[in-house]
Amino acid sequence: MAPTGLSRRQVLGAAGATLAVAATGVLSYRAYDGAVLDPGSGPAYAPWTAWRELPGPAGLVGAAVLAASPHNTQPWRFAVAADAIDVLADPARGTGSIDPFGRERDVGLGCALENLVLACAPQGLRPVVTLLPDGDGDRVAHVGLVPTAPGAEPLAGVIDRRHTHRGPYRPVPLEPSTLASLSGGEPSVVWIAEQGPREALGRLLVDAAEALVADEQQSIDNFAWFRATHDEEERHRDGLVLDGQGFGALELGVAKLLPPASRVDGDRFWVDRTRDVHTATAAAYGVITVPEDDDSRARRLEAGRLLQRIHLRATSLGVALQHMNQITERLDREATTGTVSDLGPRFAALLPTGARPLLTFRVGLPERPARPTPRRSFGDVLR
Ligand SMILES: Cc1cc2nc3c(=O)[nH]c(=O)nc-3n(C[C@H](O)[C@H](O)[C@H](O)COP(=O)(O)O)c2cc1C
């Protein structure tokens, strides 16, 4: 019996109110910690606007760090002089068993190099690029900067509007002429847009995602780059975040209020989204290939430059793009573990003979805009 004559209902009511207040406290904390009310805010997102204010070579580095990179690892450092910039790999920022040969890391460095080069003309600088000036090693490019009259570079204008778009795309096909204009007629891009091959590649991407999460080491290495809270985003200023998952505003708010997902739950979420959103709504896929007998680092860097240009052209045309590399991540993993599956032959059947897949992505017209993801500051990436 409740003391002081309070009824059970009153006690339960009071307890319920206490619980409600406690719950509100927890949710408010999550709301604050997850930046629910103001997504994409805070110092980790400042580089998306600050780069335009940075003068000369600093502005070029500010543009470079906004590039795509595998798992948002930002595997780069820059040595800046008045008349040149060196782009260097940061060996500490890898994804382990996801990228055992550093292929994706080199591609990400190529993406950053392309942003840097495109940002030169408006700054009144002409870039002179030497790839791998030491032959191999961490210095992947030397960019000489020659003063010239400032010029227009339309792709430089969308560097800060390019984001990987993991949300749903509208059920509208893209014209072959649109796809050709995205790749600039580059022969190393294979477009897969017809229904049959597109669905076959979609199934392959889902199967590869299933295989990746079933491989405990790959699952662990994947999860290591997830940043579950706003606090983690600000601490690391890198990695994969909820803002980058292509949610609508309400979905994003709810996802931020829920407790952070475990590795297993995160894996399941990714496989489900791959099946129900990514592949289900892709208008077409692009595959950047290299010759079967030339998988050199220079090729990967050039492929990264091309990938970044394609993404910037897509952005300027209002076309969304999502990188989807789980098939090649599995093929590299199979090569290191000595296992074999049907993923390689099934992918080869969709590509020209002798073409080796390096990068895969989907394109389409988005239902909603994509959001920016964190970046380390200019000071963090200087050597
Ligand atoms: C080489 C490379 C591989 C990538 N692979 C994937 C992928 O398999 N799946 C995916 O959703 N995003 C992938 N991404 C996109 C990155 O996760 C993304 O660039 C990074 O999180 C930064 O976000 P942003 O592109 O929106 O700036 C890849 C990017 C690069 C450069």
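Everything that follows concerns the structure shown earlier in this document.
(A) Quick look at the packing of helix α4 (residues 103–118) against helix α11 (residues 297–316). One can describe the packing of α4 onto α11 by two numbers: an axis separation of 7 Å at closest approach and a directional angle of 55°. One finds that α4 runs oblique with respect to α11. With respect to the hand of their crossing, α4 and α11 are arranged in right-handed fashion. Across the interface between the two elements, Arg103, Arg105, Asp106, Val107, Leu109, Gly110, Cys111, Leu113, Glu114, Asn115, Val117 and Leu118 from α4 touch Arg297, Arg300, Leu301, Gly304, Arg305, Leu307, Gln308, Arg309 and Leu312 from α11. Grouping the amino acids of the contact of α4 with α11 by side-chain chemistry returns nine nonpolar, four polar and eight charged.

(B) Main features of the sheet that holds strand β4 (residues 139–147). Ordered by their spatial adjacency, four strands build an open sheet running β1-β2-β4-β3, and the pairing between neighbours is antiparallel. Of all strands in the sheet, those with a lone pairing partner are β1 (76–80) and β3 (125–131), marking the two edges. Each neighbouring strand pair of the sheet contributes to a mean axis angle of 20°, computed without reference to strand direction. One ladder, built from seven bridges, connects β3 with β4; its direction is antiparallel. Looking across to β4, one finds that Pro127 is bridged to Leu145. The sheet contacts of α4 involve β1, β2 (84–89), β3 and β4, and relative to β2 the element is tilted by about 160°.

(C) Seen up close, the sheet that holds strand β7 (residues 320–323). Sheet architecture is open: four strands sit in the order β5-β6-β8-β7, paired in antiparallel fashion. Strands with a single pairing partner mark the edges of an open sheet, and in this sheet they are β5 (189–192) and β7. Across the sheet, the mean angle separating the axes of adjacent strands is 30° when strand polarity is ignored. Both strand β6 (residues 284–291) and strand β8 (residues 355–364) contribute to a ladder of eight bridges, which runs antiparallel. Along β8, the bridge assignment pairs Thr289 with Pro357.

(D) Fine view of the side chain of Asp267. For Asp267, the location among the structural elements is in helix α10 (residues 263–278). Buried charge Asp267 goes without a salt bridge, the closest partner of opposite sign being Arg263 at 4.4 Å. In this structure, Asp267 is in contact with Val213 and Ser219, ignoring residues within four places of it in sequence.

The rules behind each value
Residues numbered from 1 in each chain as written. Predicted model: local features only at pLDDT ≥ 70, side-chain atom pairs only at ≥ 80, totals over all residues. Heavy atoms only, no water. Axes fitted to C-alpha atoms, helices over the stretch in contact; angles between N-to-C directions. Helix = DSSP H or I, 4+ residues; strand = E, 2+ residues; numbered from the N terminus. Parallel < 35°, antiparallel > 145°, perpendicular 65-115°, else oblique. Left-handed = near helix turned anticlockwise from the far one by under 90°. Contact = heavy atoms within 4.5 Å. Nonpolar A, V, L, I, M, F, W, Y, C, P; charged D, E, K, R; others polar. Pairing = 2+ DSSP bridges. Buried < 20%, exposed > 50% of the residue type's maximum accessible area, 1.4 Å probe, protein only. Lys, Arg positive; Asp, Glu negative; His and termini not counted. Salt bridge = Lys/Arg side-chain N within 4 Å of Asp/Glu carboxyl O.

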